[in-house]
Amino acid sequence: MLNQPGLVDILAYDGLCTFEFGIAVEIFGLPRPEFNFPWYQHRIVSVDPYPMQAAGGIQVVSSFGLEALKDARTIIIPGWRNRDERPPQELLDALCDACHRGARLLSICSGVFVLAAAGLLDGKRATTHWRYTDELAERYPRITVDPNVLYVDSGQLITSAGSAAGIDACLHLISRDYGMHVANIVARRLVMAPQRSGGQTQFIPSPVAQKPRDEIAPVLEWVLQNLDSALSVSQMAERALMSERTFLRRFRDAMGTTPKAWLLQMRMNLARELLESSNHNNEQVMERCGFGTMETFRAAFRKSVGISPSSYRKNFGGTRTE
């Protein structure tokens, strides 16, 4: 867990997207009396001369200009006001300088077009709202655009899909800094799931007039209550009273991913929680999460999280929230 998470600068501009802006302020700017460790400092940084007119008729005034970005550890870029408008060169230069000195940059929705215009995403993977992914790929062919995921973490650069996916990306950043246990507490205060499953394909309009989520919801609950068991897709389909082929189709329609991928992610979520907040040794964690061997568990954890279970416990174990 970080001793000092540093300063988060949230950009404001004329024509500001207020929902995306509000997400960043809510997550990084709200007091957190539930924690007994330092939370993020934050400030609003203006791109344009103020007062700035935001969506909905709100007026935004900030005491800080782009020169302030030199002190930021993290910079949040809400959805950009006009994808066809090249952002001010002063803003692009400031973001490049910040990135080169090691700051983290997180874009929400169409805010990715600012990072793209700055050239910071060249040669990297990124995402944005599903309505804009084709446009982003066409205008910036050096970016590998992933149209399905809710967010992409490229290290210093995090890009998120449509507006609400900005919450997922911000919670992900918190989990990087403080661990999943703390990110889950923040998510609960937001009254949302700690980590949504699937990608944004599930939100693209479809002509199929079905509600598969209602059909598989009891199965998802049953799986979460039995993660210590060796579950199979056929067992899940049987529980749903469907053929395996029908279940696979309905599951993907509802969750935007396969049952196998979703199950693995749920096992990883539980493993991270146990490594952070329990006294279980690695073998006990392995058993609670339904892995047959320690070798399989270590390999899956390293592939999903990027480090070994032991290293994760060393970094995030023992987090105290009261």
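Please refer to the structure higher up on the page.
Quick summary incoming for the structure in this document. (Residues numbered from 1 in each chain as written. Predicted model: local features only at pLDDT ≥ 70, side-chain atom pairs only at ≥ 80, totals over all residues. Heavy atoms only, no water.)

## Some details on the overall build of the protein
Then step 1. Scanning the protein from N- to C-terminus turns up 13 helices and 10 strands.
Then step 2. Compactness check: the protein gives a C-alpha radius of gyration of 21 Å against a globular reference of 20 Å for 322 residues, within 12% of the reference.
Then step 3. Expressed as lengths along the three principal axes of its C-alpha atoms, the size of the protein is roughly 60 × 50 × 35 Å.
Then step 4. Counting all 322 residues of the protein, 52% fall into the buried class.
Then step 5. Expressed as a percentage of contacts within the protein between residues at least 6 apart in sequence, the contacts between residues at least 24 apart total 65%. (Helix = DSSP H or I, 4+ residues; strand = E, 2+ residues; numbered from the N terminus. Rg over C-alpha atoms; globule rule 2.2 N^0.38 Å. Buried < 20%, exposed > 50% of the residue type's maximum accessible area, 1.4 Å probe, protein only. Contact = heavy atoms within 4.5 Å.)

## A word on the side chain of S175
Then step 1. Counting through the fold element by element, S175 comes out in helix α5 (residues 165-178).
Then step 2. Sequence-distant contacts of S175, defined by excluding residues within four places in its chain, comprise M180, A183, R272 and F316.

## Some details on the pairing of strand β2 (residues 41-46)
Then step 1. Pairing analysis gives 6 bridges linking strand β1 (residues 7-12) to β2, with the strands arranged parallel. The residue of β2 that forms the bridge with A12 is S46.
Then step 2. Handedness of the β-α-β unit built from β1, helix α1 (residues 18-29) and β2 comes out right-handed. (Pairing = 2+ DSSP bridges. Right-handed = clockwise from strand over helix to strand, strands pointing away.)

## So, a negative patch on the surface
Then step 1. Together, E67, E90, D93 and D97 make up a negatively charged patch on the protein surface.
Then step 2. D97 sits in the exposed class, given a relative accessible area of 52%. (Patch = residues over 30% accessible without salt bridge, like charges linked within 9 Å, V, L, I, M, F, W, Y side chains within 5 Å. Areas by Shrake-Rupley, 256 points an atom, 1.4 Å probe, with all protein chains shown as cover. Salt bridge = Lys/Arg side-chain N within 4 Å of Asp/Glu carboxyl O. Lys, Arg positive; Asp, Glu negative; His and termini not counted. Charge placed at Lys NZ, Arg CZ, Asp CG, Glu CD.)

## A short note on the environment of T133
Then step 1. Mapped onto the elements of the fold, T133 is located in helix α4 (residues 133-139).
Then step 2. A distance of 3.2 Å separates a polar atom in the side chain of T133 from the backbone oxygen of W130. (Polar contact = N/O pair within 3.5 Å; in protein donor to acceptor, adjacent residues only side chain to side chain.)

## Structural notes on the sheet that holds β2
Then step 1. Ordered in space as β2-β1-β5-β6-β10-β9, the 6 strands form an open sheet in which the pairing is mixed. Across the chains shown, the open sheet's two edge strands, defined by having one partner strand only, are β2 and β9 (151-153). Each neighbouring strand pair of the sheet contributes to a mean axis angle of 15°, computed without reference to strand direction.
Then step 2. Two strands pair when backbone bridges link them, and strand β6 (residues 104-107) and strand β10 (residues 157-160) are joined in this way by 3 bridges, in the parallel orientation. Looking at the pairing, L105 lines up with L157 of β10.
Then step 3. The strands touched by helix α2 (residues 89-100) within the sheet are β1, β5 (74-77), β6 and β10, with β5 carrying the most contacts at an inclination of about 145°.
Then step 4. Strands in contact with α5 are β5, β6, β9 and β10; relative to β10, the strand with the most contacts, it is inclined by about 150°. (Axes fitted to C-alpha atoms, helices over the stretch in contact; angles between N-to-C directions.)

## Points about the pattern of salt bridges
Then step 1. Applying the stated criterion across every chain, the model contains 11 salt bridges.
Then step 2. Note that R139 and E135 form a salt bridge whose closest N and O atoms lie 3.0 Å from each other. Taken together, the positions of R139 and E135, both in helix α4 and 4 residues apart, correspond to about one turn of that helix.
Then step 3. One network of salt bridges, with partners in common, ties together R32, E34 and R189.

## A word on the side chain of R104
Then step 1. Take R104: it is sitting in strand β6.
Then step 2. One polar contact links R104 to T74, side chain to side chain, over a distance of 3.0 Å.
Then step 3. Looking at R104, its side chain comes within polar contact range of the side chain of D177, at 2.9 Å.

## Describing the packing of helix α6 (residues 180-189) against helix α10 (residues 259-277)
Then step 1. Running from amino to carboxyl end, α6 crosses α10 at an angle of 110°, the nearest separation of the two axes being 8 Å. Put simply, α6 runs roughly perpendicular to α10. Here α6 contributes M180, H181, V182 and N184 to the contact with α10, which in turn contributes N269, R272, E273, E276 and S277.
Then step 2. In terms of residue class, the contact of α6 with α10 is built from 2 nonpolar, 4 polar and 3 charged. (Parallel < 35°, antiparallel > 145°, perpendicular 65-115°, else oblique. Nonpolar A, V, L, I, M, F, W, Y, C, P; charged D, E, K, R; others polar.)

## What to know about the environment of A230
Then step 1. Tracing the sequence through the fold places A230 in the loop between α7 (212-224) and α8 (233-239).
Then step 2. With 60 residues separating them along the chain, A230 and G290 place their C-alpha atoms 5.7 Å apart.

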